[in-house]
Amino acid sequence: MDPSSPKIVVLGAGVVGMTVAKLVQDELRHASVTVIADVFKEDTLSTIAAGIFRPGTSFRGSTNEITQKWIDDSWNYFQDILKTPEAAQAGLMPISSYIFSKQNYHVTRNHLIEHLVPTYRPVEEDELKLCGEGWKYGSYFETIKTECGAHLPWLERIITGKGGKIINGKVDNFASLNQYDLVFNCTGFGAKYLCKDNDLVPLRGQVIKVKAPWLKSAFYGDYDAYIIPGFNGIATLGGTRQYDSYNLNVCKHDAAGIMDRCSELVPALRKAEVLSHRVGLRPHRMPVRVEGEVLDGVKVVHCYGHGGYGVMTAPGTAMHAVRIGLDTLRNSSFKNKL
Ligand SMILES: Cc1cc2nc3c(=O)[nH]c(=O)nc-3n(C[C@H](O)[C@H](O)[C@H](O)COP(=O)(O)OP(=O)(O)OC[C@H]3O[C@@H](n4cnc5c(N)ncnc54)[C@H](O)[C@@H]3O)c2cc1C
């Protein structure tokens, strides 16, 4: 290997792989970086996601410290982009949100982001009536969202602008990548087959994309109901979270349930124009896997299994993966510490 210009390949062109590729280029200006994937941009799981920065409280890495660092690093990374004129091109926008529950106070709290976002507070009495009657608990918070429909093309422009290569292809084993000095495995749910990782479980999600330019805030209710506004007046209505379901077809019963729950929160949604129904399998894994190992004589850094939170945590996990990768290029052995 030429230590000044290592050959690096990133497997996967979802938000995780593309973020890793960008960060590798930032760190190693003379590295040759190639991204290989069999699915790109609007066809990836990443593009189905609303991309809101609000983790489930069960999201975790291998320790609490690592989990929090991933989230803090991700927030700071997105804030840096938001301050630039490129924010909209990069698919980033600030967003305010209400979360209500009729049953459980705890679902309205979020220990992973309360200290991080500019505002996270309990709602006032009159705000409890914003989405109809009967809500007992609620929080209001300000966060951000990253729309991968714009974010992935933005990352691709940066990567190819710096000489990175993008190759369309499916990889069946790591041995076939032995011409590279380092492999980042960002294959999302594909890692289930590539790494024979039985800890990866599909968590099926179905959403409806509707035209609702008048919607200014995100809203969450019970039973996984969420309404998240986005660019061009297009909002994402969700959702479902079906454990171990591989069904990629749109289910009309799920669609009806989503529309019922969301229009109970915001009745005007009943009349919103439906643009599309989308289904994706979240790559759920406890913990998310960010670690290095040598496979078939090839140095591999894994970064996959982000479940329902891979858009918001892509930067922090990618930074961790890149640190592990650079460390092994310099020291020729893996240390998986933070
Ligand atoms: C309905 C829904 C709503 C969501 N909402 C949010 C949200 O609000 N916020 C949030 O942060 N997250 C959300 N998520 C989760 C988010 O979409 C995922 O965590 C994230 O997209 C995972 O990114 P990824 O890059 O790992 O995977 P993917 O986007 O699936 O990319 C995987 C890439 O690997 C490639 N690949 C796989 N196997 C191979 C192989 N063998 N050879 C070559 N290439 C391969 C694929 O071609 C693809 O390019 C949501 C998900 C769903 C389904």
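Everything below is about the structure shown above.
Residues numbered from 1 in each chain as written. Predicted model: local features only at pLDDT ≥ 70, side-chain atom pairs only at ≥ 80, totals over all residues. Heavy atoms only, no water.

Here's the deal with the side chain of R285
Then step 1. Mapped onto the secondary structure, R285 falls in strand β13 (residues 273-295).
Then step 2. Taking the relative accessible area as the measure of exposure, R285 reaches 12% and is therefore buried.
Then step 3. At a separation of 2.8 Å, a polar atom in the side chain of R285 contacts the main-chain carbonyl oxygen of P287.
Then step 4. Not counting the four nearest positions on each side in its chain, R285 is found in contact with D197, D199, L200, Y304 and G305. (Helix = DSSP H or I, 4+ residues; strand = E, 2+ residues; numbered from the N terminus. Buried < 20%, exposed > 50% of the residue type's maximum accessible area, 1.4 Å probe, protein only. Polar contact = N/O pair within 3.5 Å; in protein donor to acceptor, adjacent residues only side chain to side chain. Contact = heavy atoms within 4.5 Å.)

Re the layout of surface pockets
Then step 1. Counted as a void, the second largest pocket has a volume near 230 Å³.
Then step 2. Along its surface, the second largest pocket is lined by 17 residues, and T47, E147, K209, I234 and T236 are the ones closest to its centre.
Then step 3. The set of elements that each furnish at least two residues to the lining of the second largest pocket consists of α3 (148-161), β11 (234-238) and β13.
Then step 4. For the lining of the second largest pocket, a count of residues per class yields 7 nonpolar, 6 polar and 4 charged. (1 Å grid on protein atoms, 1.4 Å probe; cavity = no way out; pocket = protein on both sides within 12 Å on 5 of 7 lines; lining within 4 Å. Points joined across faces, edges and corners; volume = space filled by probe spheres on them. Nonpolar A, V, L, I, M, F, W, Y, C, P; charged D, E, K, R; others polar.)

So, the site of the ligand
Then step 1. In the neighbourhood of the ligand, 33 residues make up the surrounding shell, with D38, V39, S46, G307 and M312 lying closest.
Then step 2. The side chain of S46 places a nitrogen or oxygen atom 2.6 Å from an oxygen atom of the ligand.
Then step 3. Separating an oxygen atom of the ligand from a backbone N or O atom of Y309 is a distance of 3.5 Å.
Then step 4. Its free accessible area being 1,000 Å², the ligand has 94% of it covered by the protein chains.
Then step 5. Those elements that provide at least two residues to the shell around the ligand are α1 (15-27), β13 and α6 (310-331).
Then step 6. Ranked by residue count, the leading element in the shell around the ligand is α6, at 3 residues. (Near = heavy atom within 4 Å. Areas by Shrake-Rupley, 256 points an atom, 1.4 Å probe, with all protein chains shown as cover.)

Focus on the pairing of strand β2 (residues 32-37)
Then step 1. Of all 6 residues in β2, 5 are buried; the element is thus mostly enclosed.
Then step 2. Bridge count for strand β1 (residues 7-11) against β2 is 5 bridges, and the pairing is parallel. Its bridge partner being in β2, K7 is matched across the sheet by S32.
Then step 3. Of the crossover connections in this fold, the one passing from β1 over α1 to the parallel β2 is right-handed. (Pairing = 2+ DSSP bridges. Right-handed = clockwise from strand over helix to strand, strands pointing away.)

Some details on the pattern of salt bridges
Then step 1. What the rule picks out here adds up to 17 salt bridges.
Then step 2. Between D80 and K83 there is a salt bridge, with its nearest N and O atoms 3.5 Å apart.
Then step 3. Judged by relative accessible area, D80 falls into the partly exposed class, the value being 49%.
Then step 4. Here D172 makes a salt bridge to K170, at a shortest N to O gap of 3.7 Å.
Then step 5. For D172, a relative accessible area of 57% corresponds to the exposed category. (Salt bridge = Lys/Arg side-chain N within 4 Å of Asp/Glu carboxyl O.)

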